[in-house]
Amino acid sequence: MDSTVGSSASNPSVNNPKQSRDTATIPPTIFAINVGPPTSEIKLPKSDERLISTPQLACCLGLLQASRSNDDNLQPAARKWLQTIEKDSDEQERLKMLSTDVIRAFKRDEIKDAKVVAEVVHLTPVLDKDAFKDLLKEFYKGIDQSGLLDVHQLEGLAQLVQGAGSGYLEADDLVKILELLSTRLRGTHGQSPHYIYRLTTAVSNVLDAMADTEVIALDRVSLHEPLSSYLNDLKGSSDPYLVYQAAYAYQALLCVPDNESLWQAGLRRTGKVIQGFTGLVSAVKGLDLNKFIDGLEDIQRGFAGVSEAVKLVKTVYNDVNSLAQSGQSFLVCLKEGFSFQRKCAWYSALRGADALIQDGELAKFRKLVCEVPCRRDPAFQWGVCQRLGKIAANPMWDHDTRGSAISFLGEIYKNDAVWGQQATVKQWIINTLMQLALPVDDDLQSHVAAATSLLRELEASKDAQKQILLQVCREKGPTSHPLIDPVPALTSQSLIDRVQNRPDVEANLRQLRKQRLSERGKAVYISPQAKANLQAANDARFPLMKKIKEFLSSAQRVFLLMGDSGAGKSTFSRELEYDLWQAYNKKTGRIPLHINLPAIDKPEHDMIAKQLRKAEFTEPQIRELKFHRKFILICDGYDESQNTHNLYTSNRLNQPGEWNAQMVISCRSEYLGINYRDRFQPGDRNQRSESVEFQESVITPFTQDQIQAYIKQYVSLHHPLWQMEDYIQALEHIPSLRDLVSNPFLMTLSLEVLPRMLDPGQQLSATRVTRVALYDQFIEQWLERGKKRLGETDLSPQARSAFENLSDEGFTQHGIRFLKKLAVAIYKEQDGHPVVIYSRVEGEHPWKDSFFGRDEEKRLLREACPLTRSGNQYRFIHRSLLEYGLALAIFDPQDGTKKEPSELIVSRRGSTSSTLSFEIRDPWREAAATATADQESDFDSPLARRDFVNDSSLLQFLEERVQQEPVFKQQLLAYIEYSKNDKKWRTAAANAITILVRSGMQFIGSDFRGIQIPGADLSYGFFDSTLLQDSDLRKVFGCDRQI
């Protein structure tokens, strides 16, 4: 940055202005220093390396062309690159050939949208004369042959003319261009004012570019005639902004060509193409500002005469009441001040301002605006305000610069003594501020707040006339003419990609982004808190999203996210993906890729490619992404995929020639063992550094504030039977419920089913609500809603008949049986892997046909159950519902005999049961008496087929069943008894005693001689005086406690 040019005392070049110069004063904080032009990051390629953009190609060619003249200004990295490439003639030839190929690709392009036009004109300053002429003809032909005059190609033509090399443009070229514009403009009658405004702005840019050229020997009459009549006609427009743009274009026309153009030196400098990129060249000198201002005074005296040096509009605030009553008065006064007859100094002043802004010499820009002789000319002030608005709206300028632009607008509006009382200018400023105050898709939104704050300050003014002016502008609203025209999305692959045979991936990425953003919906979401690891206390919390964002900004590679079942890991993963897609910067940004691990076959190998194939990316596109893009992987459900591999290392992430990615991976806490970090840390096990590449966090239970915020969102979004106060009252009076709702998924279930579980007037303090009871009620309620939805659907005759049969026999009961059988089948056939992939190929998987085949009854039950489908993949909407279905298959209260309750416990369908006393002197005698009477033990039970000792979520359902259902307790005791005589029952016995111990049952003085329970978990069980002789206790955990 140059901090000296803003101070005349420290820069001799800006001292000694002419004595007669009238200088305005504004706060020194506005554009206090020169900041340099807005720049883009650029990476100079190695030899034979594929280029990522046409601006990168233009920069390389510009460096080669300007190598000698700019050598002193080059930064070390640019100088080193240049020294290398200058020795490589093949690489130089490759770069030159790429520019030729880009132009050919542009000529072949049938659409020529805004981005393609902007792309090709980047090459203008580095083209030789033949290539320039070829491109100029293409633009001429495009404008000549287009059905509707193409604004984008006009803008491209302006940039092409402005970037032309010395001697590239001839007089005949300019005459033909002006004649073409005149012909096409005459055909725009009937178009919208907005289109005419954009068109006139584009014509102004073309004329600006022509005024910058050095072509001589032109016939002014024949040159100006084609356009002057059209621009004069626009003076009659009812749109004041269009009138100003026409006056500006007319002034540009008067200066085509003009060897006396003072701003040319600032706009046409050697090496300009490489100054728009960071870190390539040092600052260079711009306009001699004092000399330029002196020249403007000479122009003003020469063309306007001393007596008419500044022709001001006579509209001042004394007339503002009449102006407000007569909507055309503003426009009439405006037309009086904009000359269509002679050359005026304000146009030259604005072109000088453009040169300074282009080079980032904003301190000099400020000085120019404050000192030019035409600074009180409304046309000049309009142009200044237009440029200030563009600076404030342009996200490439830094925060302070955009803020200074807004402050400058405020100064011109407020300080009448310095800037005059021109109502039209004040109106233009208010309109600009209203546009800037509108929310935009911009990472830096501080200018929105600054503009809003300034408008509020202006509204608080005690000046009655200005209050009326503000009111008029507010009522009209901001003009439809944007400060910066938004560039539409690229409708085809970029030119540089095409000529390098680069597969187009952006269209697919846009589609993926659109799909993933739309799938978020309007779910209730409370940002979770987390702690550093499993050992940390829950009160050592921090915002999880902030921690993840810090990780993504670091050099770390893997972030492990842990939490209990239903803690919100999957919800957070989707929210993180949504947030990253919102901020995604195409072409260069890291791509957020959400991978549902259970839905990927063998994710330990090539999981990114497998996920992209599911999103319908082709193999060439996948290779393109692998070698040239970076990813943020959001891998959800490591535990559900039943994986034991280190997915980071097995997928060779960040290895040479492999995928470049950071990974956020989620897993249930209970799934992890002692050395769980080995499954997630990058690098060799013996050379890992936890602090460098690996980080972990554990989602903590909801706090009271989070619970209340969740309830508030839920009530607002879903409008349930209860109000927020009802839920809060239930939480305050049901102690067991408070613990449950600290888990987000159980919170959702609770809010869904509580209005049905609790009767009006029921004594809440005597009520117990358990996890399994919530699931009972939730499933029944879900199936009933599914039945209602299907009943209201226009079903086929066959489907209607099947629906009526199911309804007659009990639709909900059929649904529960379907859910139980499906859960058992998933555990039996897929070892508990939650995702079922179904194909209708005959005989491929007969068990799947019984659930996902074409049978109408199965289809209806499938649609009514809490299942979700993605293509040919089916799964329960939450893993815990699969575990609940299996728990219900192990024991369903509706299949057993109920006992009278001694304490009220709410259960499914309003049933109640007794709370057990678990300290029984001889449980075996009781088991023998009741096991066969109520529910005969069945060796086909899942408990006899699979070890569930480490399945914490399933065991929690079953332990609550034991506490509520005496029949189930007797059944489990019977399994243990059977194992004494038959070892085939040992798996069932190990599961059974694990469940009973977890439920709190005590086995004091029990006769356990000969039981077979290998692998059981007896932790924290009570086995005082228990007999265990001849028992199989291999690998029993916790068997040394109180035995």
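Residues numbered from 1 in each chain as written. Predicted model: local features only at pLDDT ≥ 70, side-chain atom pairs only at ≥ 80, totals over all residues. Heavy atoms only, no water.

The chain has the name NACHT domain-containing protein in an unreviewed UniProt entry, where Modicella reniformis is given as its organism.

Draft legend 1. Spatial organisation of the sheet that holds strand 9 (residues 867-870). Taken in spatial order, the three strands of this open sheet run 8-10-9, and their pairing is antiparallel. Two strands in the sheet have a free side with no partner beyond their single neighbour: strand 8 (836-837) and strand 9. Examined bridge by bridge, strand 9 and strand 10 (residues 873-876) share four bridges and lie antiparallel to one another. By the bridge assignment, Arg869 is partnered in strand 10 with Tyr874. (Pairing = 2+ DSSP bridges. Helix = DSSP H or I, 4+ residues; strand = E, 2+ residues; numbered from the N terminus.)

Draft legend 2. Just the confidence of the model for the chain, in detail. When the pLDDT values of the chain are averaged, the result is 81; 81% of them are 70 or greater. Across residues 303-330 the pLDDT falls below 50, and counting only partners more than four positions away or on other chains, this stretch makes 50 contacts in the model. Overall, residues 897-937 carries pLDDT values under 50, and its contacts beyond four positions in sequence, including any with other chains, amount to 109 contacts. (pLDDT = per-residue confidence, 0-100. Contact = heavy atoms within 4.5 Å.)

Draft legend 3. Expanded view of the nonpolar core. The biggest cluster of nonpolar side chains holds 134 residues, and the ones touching the most others in it are Trp346, Phe365, Phe380 and Phe408. Looking at this core element by element, the count peaks at 11 residues for helix 8 (residues 193-211). Apart from residues lying up to four places away in sequence, Phe365 is in contact with Phe31, Ala353, Leu356, Ile357, Val384, Leu388 and Phe408. Listed in part, the 102 residues of the second largest apolar core include Tyr714, Val769, Ala802 and Ile995. (Core = buried A, V, L, I, M, F, W, Y, C linked by side-chain atoms within 4.5 Å. Buried < 20%, exposed > 50% of the residue type's maximum accessible area, 1.4 Å probe, protein only.)

Draft legend 4. Expanded view of the side chain of Gln435. One can find Gln435 in helix 20 (residues 423-436). Given a relative accessible area of 13%, Gln435 falls into the buried group. Contacts of Gln435, omitting those with residues within four sequence positions, involve Pro478, Thr479, His481, Pro482 and Leu483.

Draft legend 5. Main features of the packing of helix 43 (residues 952-964) against helix 45 (residues 986-999). Packing of helix 43 against helix 45 leaves a shortest axis separation of 8 Å and a crossing angle of 70 degrees. As judged from the angle between their axes, helix 43 and helix 45 are roughly perpendicular. Between helix 43 and helix 45 lies a crossing whose hand is right-handed. Residues Ser952, Leu955, Gln956, Leu958, Glu959, Val962 and Gln963 of helix 43 touch helix 45, and the partners they reach there are Thr994, Ile995, Leu996, Arg998 and Ser999. Residues belonging to the contact of helix 43 with helix 45 are distributed by class as follows: five nonpolar, five polar and two charged. (Axes fitted to C-alpha atoms, helices over the stretch in contact; angles between N-to-C directions. Parallel < 35°, antiparallel > 145°, perpendicular 65-115°, else oblique. Left-handed = near helix turned anticlockwise from the far one by under 90°. Nonpolar A, V, L, I, M, F, W, Y, C, P; charged D, E, K, R; others polar.)

Draft legend 6. Here's a closer look at the packing of aromatic side chains. Here the structure, examined in full by the defined rule, presents 40 aromatic pairs. Seen in terms of ring centroids, Trp382 and Trp428 are 5.1 Å apart; in terms of plane orientation they differ by 10 degrees. Their pairing is stacked. Here the residue Trp382 occupies a position in helix 17 (residues 378-393), and Trp428 occupies one in helix 20, the gap between them amounting to 46 residues. With respect to burial, Trp382 and Trp428 carry one shared label: buried. Measuring from ring centre to ring centre gives 5.3 Å for Phe1003 and Phe1008, while their planes differ by 55 degrees; the resulting arrangement is tilted. (Phe/Tyr/Trp six-rings, centres within 6.5 Å; stacked < 30°, edge-to-face > 60°.)

Draft legend 7. Unusual backbone geometry, seen in detail. Despite not being glycine, Asn654 has its phi angle at roughly 65 degrees, a positive value. Looking at the secondary structure, you find Asn654 in the loop between helix 29 (647-650) and strand 6 (660-668). Of note, Asp1030 is a non-glycine position whose phi angle comes to about 65 degrees, a positive value. Tracing the backbone through its elements, the reader meets Asp1030 in the segment after helix 45.

Draft legend 8. Representation of the pattern of salt bridges within the structure. For the structure shown, the criterion picks out 50 salt bridges. Among the ionic pairs, Lys141 bridges to Glu138, the shortest N-O distance being 3.6 Å. In this pair, Lys141 and Glu138 are both assigned in helix 5 (residues 129-145), three residues apart and thus about one turn of the helix distant. Among the residues examined, Lys141 registers a relative accessible area of 38% and is labelled partly exposed. Between Arg859 and Glu863 there is a salt bridge, with the nearest N and O atoms lying 2.7 Å from each other. Residue Arg859 and its partner Glu863 are located together in helix 39 (residues 856-864), separated by four residues, close to a single helical turn. Of the residues examined, Arg859 reaches a relative accessible area of 23% and is grouped as partly exposed. For Glu863, a relative accessible area of 38% translates into the label partly exposed. (Salt bridge = Lys/Arg side-chain N within 4 Å of Asp/Glu carboxyl O.)

Draft legend 9. Inspection of helix 7 (residues 171-185) at higher detail. Helix length check: helix 7, at 15 residues, gives a terminal C-alpha distance of 21 Å against a target of 21 Å (1.5 Å per residue), a fit within 8%. Those residues of helix 7 that fall on the buried side of the exposure criterion are Asp173, Leu174, Ile177, Leu178, Leu180, Leu181, Ser182, Arg184 and Leu185. (Expected span 1.5 Å × (residues − 1).)

Draft legend 10. The arrangement of the pairing of strand 10 in detail. Burial of the side chains of strand 10 extends over both faces: Gln873 and Arg875 are buried on one face and Tyr874 and Phe876 on the other. Hairpin connection from strand 9 to strand 10: two residues lie between these consecutive antiparallel strands, with Gly871 at a positive phi of about 65 degrees.

Draft legend 11. Molecular detail of helix 20. Taking 1.5 Å of rise per residue, the 14 residues of helix 20 would be expected to cover 20 Å, and the 20 Å separating its terminal C-alpha atoms lies within 8% of that figure. When you tally the buried positions in helix 20, you get 14 out of 14 residues, the bulk of the element.

Draft legend 12. How the structure looks around the pairing of strand 6. In terms of residue burial, strand 6 counts as a mostly covered element, since eight of its nine residues are buried. Direction of pairing for strand 3 (residues 558-563) relative to strand 6: parallel, over a ladder of six bridges. Directly across from Leu560, in strand 6, lies its bridge partner Ile665. Pairing analysis gives six bridges linking strand 5 (residues 630-636) to strand 6, with the strands arranged parallel. Within strand 6, the position partnered with Phe631 by the bridge is Ala661.

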